[in-house]
Amino acid sequence: MNYKETAKAILDKVGGQENINDFLHCSTRLRMNLKDPNQAKTEEIKAMDGIMGAVYSGGQYQVIIGNDVSYVYNELKQMITINTDEKPEPNKKRDMSFKGLFESFAGLITGIFQPIIPAIAAAGMFKALLLLCTSLGILSKESQIYALLLNIADSAFYFLPVLLAYSSAQKFKTNPYIAATLAGVLLHPKMIALLGGEVPVEIAGIPVPNISYASSVLPIILTVWLMSYVEKFADKVSPGPVKIFLKPLIVILVMAPLALTVLGPIGNYLGVGLSDGLFWIQGKIGWLTVVILAVFLPFIVMFGMHKVFYPVIFAAMVSPGYETLIHSAMLSSNMAQGAGALAVWFLAKDKKLKQVALPAGISGLFGITEPALYGVHLRLKRTLVACMIGAGSAGLFAGIVNLKAYAAVGPGLASLPMFIGAENNFTYALITAAISIVVTPIAVYFIGFNDPGAEDNAQASSGESAQVETTPAAPKKEKLQSRLVVFSPIEGEAILLKAVNDEAFSQEAMGKGMAIKPSKGQVVAPFDGTVQTVFRTKHSIGLRSVEGVEILIHIGIDTVKLKGQHFNVVVQEGDVVKHGQLLIEFDMEAIEKAGYDTTTPVIVTNSGDYLEILGHEQSGKIGAETPLITIL
């Protein structure tokens, strides 16, 4: 992957810098807050080389890249200058529907917690390693070096309000240093000693509760949220010559007492209530909660909504000091996704699928599941069902034994020490992982999957030929060793790809090919093969020939905005099709009347697998029997 070119292409396809409010990245996704999400060309982004998917969820536009996301992010950072002082559009209406409010909440939580995850993950693993060292007898809990290392590991958790103050200030667009100062007010050692004394403390007759805010989450978030409004007021009333000190002085004079007397206690009670509520649900439903979450976690991850669990996790880590639902479900699901991808690697005959499945499986076992989810299981579909079976089986055991996580880290093989604790908890974690790793491949084997390379696996043994297939594949056809002809899928006029009025196609960013100016609103199969992808907006379809050539037929330019209107797809993903078979019908006149160009690119998306892609620019009318592209 060319990271610079990928970043540039993503920037162009989301509407340019002027459409981006801010952006960040997690372990596998580039997350952007767009002014107008409708400007993003989602289908074109999905079709880019190295991109696993794209989705708008939780108030964010998310481009799933995988383990290389940080490199693309760094390139994008050099291309974009974000104006943090930019005011929101004055007349822009907020979506007050349940979906709109939930997406706003999810986007808020993700924006606040995502930047601090590296610090929390490092601290969590540090504590897990200390637990491992003490369990193996390498360190004694009574030694000075243990106490020193434990303080280092605990620092990120103890001063969590400071980290959250800074990230919350970035999200609420207020001064991050004043926000961190308010967090310091809540955590100051002498303040803690004063509130813990025998004499009650009051501010203007209002008692200040003796609450420990170390490792707390909600108190500082509420404080910084209100501070963002107080700061705007202070900015208005502060004269220009003295604003540099008067504005922050007003903010601290107002917010520090409010944080200690009102917002801090409210946030503390909400945090305790959140943790108690989680245990109440588990008490009512029991082990079933872990099973349900483990089974459906891939769909939550698919839409990037797993970040909303952060407040629950951190609240549980503060009190009672461990978490028994989310991490148990994640361990079950992560192991299943990784083991499922490795099972595909072992069983598949298709070389390209094997190349994707092996690293995706390894990554999944170490807690990063997006490569396996998007690169393997969503593509094959049936293996996703197998993963859900494996995860549910492991989640059942984890729920019954009440598996506990003692550190806020993504569960994986490397982070298993996070489960070291009282009695047999670590053993339970090993058994949970083992169940998922064993059950999932068995389920993959019996459920099967569509292996593109199965039809090519003819093995001779003792003069006999035996063919191995995971599931029924496309009809056999003798492979053309030197060249393959792709016929025109549409009647019309063939033109060179560089003449298409869209840079993504004209510059061959998605692959080489040709384009057609249609004269008839029908798309037919240009060869014998299978339907790989039918886009939900019906304007585009992906096919794979018996010989392994993958093409994308994209009807019109920017027609994704029609959201399926004027298109009728007559096939489904996984269908075996014959050359000339009808795939899609579209209303040319209606599309053109709506202001869209109906020029249709036909792209060889795996162009890199071949020596040369030659287009045939024909004179006059072309149709299903007219060669359009020759592949060498």
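The rules behind each value
- Starting from 1, residues in each chain are numbered consecutively following that chain's sequence as written.
- Per-residue local features of the predicted model are confined to residues with pLDDT of at least 70, and side-chain atom pairs are confined, for both listing and counting, to 80 or more; whole-chain, interface and lining totals are unaffected and use all residues.
- In computing side-chain properties, one takes all heavy atoms of the structure into account and sets aside hydrogens as well as water.
- Secondary structure elements follow DSSP: runs of H or I of four or more residues count as helices, runs of E of two or more count as strands, with numbering from the N terminus.
- Here, residues are in contact when the closest pair of their heavy atoms is within 4.5 Å.
- To be clear on the numbers: accessible area is Shrake-Rupley with a 1.4 Å probe, and residue cover counts the displayed protein chains and nothing else.
- Fitted lines through C-alpha atoms serve as axes, helices being fitted only where they are in contact, and the angles separating the N-to-C directions of these axes extend from 0 to 180 degrees.
- Here the angle decides the label: under 35 degrees means roughly parallel, over 145 means roughly antiparallel, 65 to 115 means roughly perpendicular, and every other value means oblique.
- By definition, turning the near helix anticlockwise from the far helix through less than a right angle yields a left-handed crossing, and turning it clockwise yields a right-handed one.
- Three residue categories are used. Nonpolar comprises Ala, Val, Leu, Ile, Met, Phe, Trp, Tyr, Cys and Pro, charged comprises Asp, Glu, Lys and Arg, and polar comprises the others, including Gly.
- Here a strand pair is declared whenever DSSP counts at least two bridges between the two strands.
- Throughout this description, a polar contact denotes any pair of N or O atoms lying within 3.5 Å of each other; where both atoms belong to protein, one of them has to be capable of donating a hydrogen while the other can accept it, and for residues adjacent in sequence the pair is counted only when both atoms sit in side chains.
- Exposure above 30% relative accessible area and no salt bridge define the residues that can form patches, which grow by joining like charges within 9 Å and nonpolar side chains of Val, Leu, Ile, Met, Phe, Trp and Tyr within 5 Å.
- Salt bridge, as applied in this entry: a Lys or Arg side-chain nitrogen positioned within 4 Å of an Asp or Glu carboxyl oxygen.
- Type-normalised accessible area, obtained with a 1.4 Å probe on protein chains alone, sets the label of each residue: buried when under 20%, exposed when over 50%, and partly exposed for intermediate values.
- Here the aromatic set is Phe, Tyr and Trp, taking the six-membered ring for Trp, and pairing holds for ring centres within 6.5 Å; pairs whose planes are under 30 degrees apart are stacked, those over 60 apart are edge-to-face, and all others are tilted.
- Note on geometry: a ring has a charge over it if NZ (lysine) or CZ (arginine) is within 6 Å of the ring centre and within 35 degrees of the ring normal.
- Residue count minus one, scaled by 1.5 Å, sets the expected span of a helix.

Visitor: Before we go on, may I ask you to explain the overall build of the protein chain in this structure?
Guide: Summing up its helical and strand segments, the protein chain has 20 helices and 21 strands in all. Contacts spanning at least 24 positions in sequence make up 71% of the contacts within the protein chain whose residues lie at least 6 apart. As presented, the protein chain carries roughly 29,400 Å² of accessible surface, and 59% of it is formed by carbon and sulfur atoms.

Visitor: Even after reading the chapter, I still don't get the packing of helix H8 (residues 176-187) against helix H10 (residues 218-237), so can you show me in this structure?
Guide: Any two packed helices are characterised by how steeply their axes cross, that is the angle between the axes, and by the distance between the axes. Their axes nearest at 10 Å, the elements H8 and H10 cross at an angle of 135 degrees. With respect to each other, H8 and H10 are oriented oblique. Relative to H10, the crossing made by H8 is right-handed. Contacts between H8 and H10 involve Ile-178, Ala-179, Leu-182, Ala-183 and Leu-186 on the former and, on the latter, Ile-220, Thr-223, Val-224, Met-227 and Glu-231. Grouping the constituent residues of the contact of H8 with H10 by class yields 8 nonpolar, 1 polar and 1 charged.

Visitor: Just checking my understanding: could you explain the pairing of strand E18 (residues 582-586) for this structure?
Guide: Examined bridge by bridge, strand E12 (residues 522-524) and E18 share 3 bridges and lie antiparallel to one another. Across the sheet, the residue bridging to Val-523 is Ile-584, located in E18. In the sheet, strand E16 (residues 567-569) pairs with E18 via 3 bridges, with the strands oriented antiparallel. Counterpart to Asn-568 in the pairing with E18 is Glu-585.

Visitor: Help me understand the environment of Asn-450 in this model?
Guide: Within the secondary structure, Asn-450 sits in the loop between helix H18 (425-447) and strand E7 (458-461). In this structure, the C-alpha to C-alpha distance between Asn-450 and Thr-383, residues 67 residues apart in sequence, is 9.6 Å. A polar side-chain atom of Asn-450 sits 3.0 Å from a polar atom in the side chain of Arg-382.

Visitor: Looking at this structure, how should I read a nonpolar patch on the surface?
Guide: Taken together, Ile-285, Trp-287, Leu-288, Ile-292, Phe-296, Phe-299, Leu-396 and Ile-400 make up a surface patch of nonpolar side chains, about 720 Å² in accessible area. Looking at the nonpolar patch, the elements with two or more residues in it are helix H12 (288-302) and helix H17 (382-401). Ranked by residues supplied to the nonpolar patch, first place goes to H12 with 4 residues. The residue Ile-285 is located in helix H11 (residues 243-285) in this model. For Ile-285, a relative accessible area of 42% corresponds to the partly exposed category.

Visitor: Where do I start with the environment of Ala-357 in this structure?
Guide: Inspection of the secondary structure puts Ala-357 in helix H15 (residues 351-365). Residues Ala-357 and Phe-346 lie 11 residues apart in sequence; the distance between their C-alpha atoms is 8.9 Å. Excluding anything up to four places from it in sequence, Ala-357 contacts Ala-341, Leu-342, Val-344, Trp-345 and Val-376.

Visitor: Any chance you could explain the side chain of Ser-540 here in plain terms?
Guide: You can see Ser-540 is positioned in strand E14 (residues 540-545). In this structure the side chain of Ser-540 is engaged in a polar contact, spanning 3.4 Å, whose partner is the backbone oxygen of Ile-553. Sequence-distant contacts of Ser-540, that is, excluding residues within four places in its chain, are made with Thr-533, Val-534, Phe-535, Leu-552, Ile-553 and His-554.

Visitor: Looking at this structure, how should I read the pattern of salt bridges?
Guide: When the charged atoms of two side chains with opposite charge come close together, those side chains can pair. In the structure shown here, the tally under the stated rule is 8 salt bridges. A salt bridge links Asp-12 to Lys-8, with the shortest nitrogen-to-oxygen separation between them at 3.4 Å. Residue Asp-12 and its partner Lys-8 are both found in helix H1 (residues 3-13); the two are separated by 4 residues, about one turn of the helix. For Asp-12, a relative accessible area of 42% puts it in the partly exposed group. The residue Asp-558 makes a salt bridge to Lys-41 at a minimum N-O spacing of 3.8 Å. You can see Asp-558 sitting in the loop between strand E15 (550-554) and E16 and its partner Lys-41 sitting in the loop between strand E2 (29-34) and helix H2 (42-46), a full 517 residues away along the chain. What you see here is one network of salt bridges that share partners, running through Asp-235, Lys-243 and Lys-247.

Visitor: How do you make sense of the sheet that holds E16 when you look at a structure like this?
Guide: Reading across the sheet, the 3 strands line up as E12-E18-E16 and stay open at both edges, with antiparallel pairing between neighbours. If you trace the sheet from one side to the other, it starts and ends with E12 and E16, each paired once. Adjacent strand axes in the sheet meet at a mean angle of 15 degrees when their direction is disregarded.

Visitor: I keep staring at the sheet that holds E14 and nothing clicks. Help me out?
Guide: With respect to topology, 7 strands assemble into an open sheet ordered E10-E11-E19-E15-E14-E13-E17, the strand pairing being antiparallel. Two strands bound the open sheet, and with one partner strand each, they are strand E10 (492-496) and strand E17 (576-577). Direction of pairing for strand E11 (residues 512-518) relative to strand E19 (residues 600-604): antiparallel, over a ladder of 5 bridges. In the strand pairing of E19, Lys-512 is matched with Val-604.

Visitor: Is there a simple way to explain the packing of aromatic side chains in this structure?
Guide: Think of a pair of aromatic rings as described by two things: how far the centres are apart, and how the planes are tilted against each other in angle. Inspection of the entire model under this criterion finds 10 aromatic pairs. For the ring pair Phe-397 and Tyr-428, a centre distance of 6.1 Å and an interplane angle of 75 degrees mean the geometry is edge-to-face. On the criterion of sequence distance, the pair formed by Phe-397 in helix H17 and Tyr-428 in helix H18 is long-range, its members being 31 residues apart. Of the residues examined, Tyr-428 reaches a relative accessible area of 27% and is grouped as partly exposed. Of note, Lys-232 hangs over the ring of Tyr-229, and the distance from its end group to the ring centre comes to 5.4 Å. In this structure, Lys-404 packs its charged tip against the face of Tyr-322, placed 5.4 Å from the ring centre.

Visitor: Explain H18 to me, please; I cannot follow it from the model alone.
Guide: It helps to recall that an α-helix has 3.6 residues per turn; residues three or four apart then point in one direction. With 23 residues, H18 should reach 33 Å at 1.5 Å per residue; the first-to-last C-alpha distance of 32 Å fits that figure. All buried positions along H18 are accounted for by Asn-425, Ala-429, Thr-432, Ala-433, Ser-436, Thr-440, Ala-443 and Val-444. Next to the buried residues of H18 lie helix H14 (326-347) and H17. Immediately downstream of H18, the backbone of Gly-448 shows phi near 80 degrees, a positive value.

Visitor: It is not clear to me how helix H16 (residues 370-380) should be interpreted in this structure. Could you clarify?
Guide: H16 sits mainly inside the fold: 9 of its 11 residues count as buried. All buried positions along H16 are accounted for by Glu-370, Pro-371, Ala-372, Leu-373, Tyr-374, Gly-375, Val-376, His-377 and Leu-380. Trailing H16 by a residue or two, Lys-381 shows a phi angle of about 70 degrees, which is positive.

Visitor: Sorry if this is basic, but what is going on with unusual backbone geometry here?
Guide: Excluding glycine, most residues fall at negative phi; most peptide bonds, likewise, are trans. Positioned with a positive phi, Lys-538 is a non-glycine residue whose angle comes to about 65 degrees. Looking at the element boundaries, Lys-538 is found in the loop between strand E13 (529-534) and E14. At His-566, a position not held by glycine, the phi torsion is positive, near 75 degrees. Positionally, His-566 belongs in the loop between E15 and E16.

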